[in-house]
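Each chain, written out:
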Amino acid sequence: MKRVIHAACPHDCPDACGVLITVEDGRAVKLQGDPAHPVTRGFLCAKVAKYLDRVYSSQRVLYPMRRVAAKGAQGSNGAAGSASTVFEQITWEQALDEIAGRFQKIADEFGSEAILPYSYGGTLGALNGGSMDRRFFHRLGASQLDRTICSTAGEEGLKSVFGIKLGTEPEQFRHSRYIIAWGANIHGNNVHLWPFIEEARRQAARLVVIDPYRTRTARCADWHLPINLGTDAALALGMMHVIIQEGLYDADYVSRYTLGFDRLRERVREYPPQRVSHWTGISESDIVTLAREYATTQPAAIRLNYGLQRSERGGMSVRSICMLPCLTGSWKEIGGGLQLSTSEAYQLNKQALQRPDLMHASPLGRAARTINMVELGKVLTELENPPVKSLFVYNSNPAAVAPNHNLVVRGLLRPDLFTVVHEQFFTDTTDYADIVLPATTFFEHKDLQAAYGHYYLQISQPAIEPLGECRSNLETFRALALRMGFEEECFRESVDAMIDEALQSPNPWLNGIDRQRLEREGHIRLNFGNGGVGTAKGPSTQVALEPKPFLPFAEGNFATASGKAEF
């Protein structure tokens with residue numbers, strides 16, 4: 001029997017592709033991008049296109065394992081069998097008993113906050129990224145993890161201006177006539193936006209790349225502006241200096257929908273192009289040209305990415321750049337505006353999924369302390385009252401990604417630290433694990449998939465049965481909760497019931513979207529109603545799009561305290 005299953009790629013990427021998996025006699029034999037998905041458009045990135053090799057790799061972790069060698073002994077770079085001198089295979093029952101027993105002992109001796117979960121973007125599925133795991137650790141009374149490692153500074157910068165993480169639809173970039181890729185290597189890591197940019201360029205759009213490196217996207221651009229690291233805010237302020245001084249801003253939009261323009265006008269006087277050139281390494285004439293072209297070519301869109309916010313002035317850099325489309329009023333136009341993230345359009349019912357109220361049923365009887373994930377090395381080597389005595393890692397590989405690597409490894413080597421890692425493969429972190437649990441891929445479990453680069457909600461269906469004894473994050477933490485004796489009914493809820501709960505949100509953009517419809521259609525665009533108002537500019541004065549384009553800030557409607565874009 002041959003059948004085709006609709007799934008959604010859950011990896012940490014804005015594209016969140018629709019995927020079609022062909023299954024024959026219980027084995028996945030082919031995968032392709034969903035041609036009906038308006039952003040995926042039938043193709044996948046090079047990594048996911050080869051995902052069958054990952055799913056059926058001989059190096060998959062397929063069974064629970066217990067360490068029998070010293071921490072740091074490596075079983076990470078070979079097949080599962082090559083780890084036999086480092087780990088011994090055990091049953092799930094043995095693994096759950098040992099984890100539950102150690103957790104209880106640690107909680108009794110040091111308090112439940114001595115247990116720390118560590119996870120991030122291994123899957124962005126709504127359920128396997130953050131649902132039963134949060135319920136479990138909330139009820140346990142474990143320390144909470146502040147998940148800041150990737151994008152927090154930039155998100156705060158964006159929200160300080162817009163109030164919410166929304167942006168230009170990728171489909172609208174085809175109507176742009178001036179596109180700035182600011183710290184965004186679109187051709188390399190946002191590949192499904194690239195065809196829309198190519199469509200725009202065939203209509204004479206200009207692509208400008210602002211990036212310290214000559215990336216793949218920069219090599220394809222009409223104009224590459226190499227910028228000194230960490231000086232992006234200065235460039236944005238220099239552009240605003242020119243735009244305001246030369247009267248190129250949209251005075252009507254500014255007066256109606258922004259707050260603080262007079263103070264901004266005073267501030268940018270301190271950033272004349274000559275001074276900005278000294279900091280950025282971009283010539284004064286190029287700064288002036290960039291500002292004029294951006295302000296006078298309509299529609300103009302900025303694709304901003306997170307690389308530039310990973311610096312000392314990262315949050316302010318994003319904040320400054322986000323002011324530009326508010327100054328020029330490009331939010332009014334189809335193909336105008338800016339995209340960094342669209343993730344807050346979905347507003348799934350995370351309270352129901354994650355149940356933070358369970359912390360009050362924990363031994364603490366209150367909210368647990370919060371630990372910043374970027375300080376893991378310091379936490380594992382210095383933190384007291386209580387010290388972290390157990391680390392549960394899933395959806396992440398902190399031995400490879402956490403800052404201050406040597407300090408992280410020193411902490412992971414502690415003989416008194418009980419470390420559990422739920423993984424698909426041996427990694428740098430499993431080299432320090434006491435227990436390794438086998439994890440499913442997205443081929444093997446069901447999930448609900450939002451996105452941060454478009455506005456299509458998706459159901460990801462399981463295509464095959466879990467290989468070996470692999471379990472999803474959701475089922476792993478369900479089993480642990482039951483083994484710990486947690487009696488709350490939420491630990492027994494089915495996957496479908498949890499998806500239904502996630503969709504029960506006051507967000508009007510989810511109106512009319514339920515699990516049954518998602519299962520029938522695979523992907524559904526959020527319900528934006530009339531999508532806002534606006535006109536397309538360029539070769540034609542009117543553009544008919546189906547569905548009508550979403551223009552989140554065409555008439556203001558910012559989610560700030562003032563309801564306006566805040567300069």
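Residues numbered from 1 in each chain as written. Predicted model: local features only at pLDDT ≥ 70, side-chain atom pairs only at ≥ 80, totals over all residues. Heavy atoms only, no water.

Caption draft 1: Structural context of the overall build of the protein. Each helix and strand in the protein was counted, giving 22 helices and 21 strands. Relative to the 2.2 N^0.38 estimate, which gives 24 Å for 567 residues, the radius of gyration of the protein is 25 Å and therefore close to what a compact globule would have. With the C-alpha coordinates of the protein rotated into their principal frame, the extents come out at 70 × 55 × 45 Å. Across the 567 residues in the protein, those meeting the buried criterion constitute 59%. In the protein, the share of contacts with a sequence separation of at least 24, taken over all contacts with a separation of at least 6, comes to 73%. (Helix = DSSP H or I, 4+ residues; strand = E, 2+ residues; numbered from the N terminus. Rg over C-alpha atoms; globule rule 2.2 N^0.38 Å. Buried < 20%, exposed > 50% of the residue type's maximum accessible area, 1.4 Å probe, protein only. Contact = heavy atoms within 4.5 Å.)

Caption draft 2: Here's a closer look at the pattern of salt bridges. Counting across every chain of the model gives 36 salt bridges. Between Asp-416 and Arg-414 there is a salt bridge, with its nearest N and O atoms 3.0 Å apart. Overall, the relative accessible area of 36% leaves Asp-416 in the partly exposed class. With a shortest N-O distance of 2.6 Å, Glu-519 and Lys-446 are connected by a salt bridge. You can see Glu-519 sitting in helix H22 (residues 515-521) and its partner Lys-446 sitting in the loop between strand S17 (435-438) and strand S18 (447-449), a full 73 residues away along the chain. Assessed through its relative accessible area of 15%, Lys-446 is described here as buried. When salt bridges with common partners are traced through the structure, they connect Lys-446, Asp-496, Asp-500, Arg-515 and Glu-519 into a single cluster. (Salt bridge = Lys/Arg side-chain N within 4 Å of Asp/Glu carboxyl O.)

Caption draft 3: Region of the structure containing the environment of Val-48. By the secondary structure assignment, Val-48 is in helix H1 (residues 46-49). For the pair formed by Val-48 and Asn-128, sequence separation is 80 residues and the distance between their alpha carbons is 19 Å. Excluding anything up to four places from it in sequence, Val-48 contacts Cys-9, His-11 and Leu-31.

Caption draft 4: Focus on the side chain of Glu-444. Tracing the chain through its elements places Glu-444 in the loop between S17 and S18. There is a polar contact of 2.6 Å between the side chain of Glu-444 and the side chain of Thr-441. Those residues within four positions of Glu-444 in sequence are excluded, and the remaining contacts are Arg-60, Pro-462, Ile-464, Glu-465, Pro-466 and Leu-467. (Polar contact = N/O pair within 3.5 Å; in protein donor to acceptor, adjacent residues only side chain to side chain.)

Caption draft 5: Structural view of the state of the cysteines. Counting across every chain of the model gives zero disulfides. Among the cysteines around Cys-17, which has no disulfide bond, Cys-9 carries the closest sulfur, lying 6.3 Å off. With a relative accessible area of 7%, Cys-17 lands in the buried category. (Disulfide = S-S within 2.5 Å.)

Caption draft 6: Up close: the packing of aromatic side chains. Under the defined criterion, the tally for this structure stands at 28 aromatic pairs. Ring geometry for Phe-87 versus Phe-426: centroids 5.8 Å apart, planes at 25 degrees, classification stacked. Of this pair, Phe-87 sits in strand S5 (residues 87-89) while Phe-426 sits in the loop between strand S16 (418-423) and S17; the two residues are 339 residues apart in sequence, bridging distant segments of the chain. With respect to burial, Phe-87 and Phe-426 carry one shared label: buried. (Phe/Tyr/Trp six-rings, centres within 6.5 Å; stacked < 30°, edge-to-face > 60°.)

Caption draft 7: Highlighting the confidence of the model for the protein. Put simply, the protein has an average pLDDT of 95, and 95% of its residues get 70 or more. Predicted confidence is poor over residues 76-81, with pLDDT under 50, and the contacts of this stretch with residues over four places away or in other chains come to eleven contacts. Note on residues 531-545: pLDDT under 50 across the span, and 36 contacts to partners over four residues away in sequence or across chains. (pLDDT = per-residue confidence, 0-100.)

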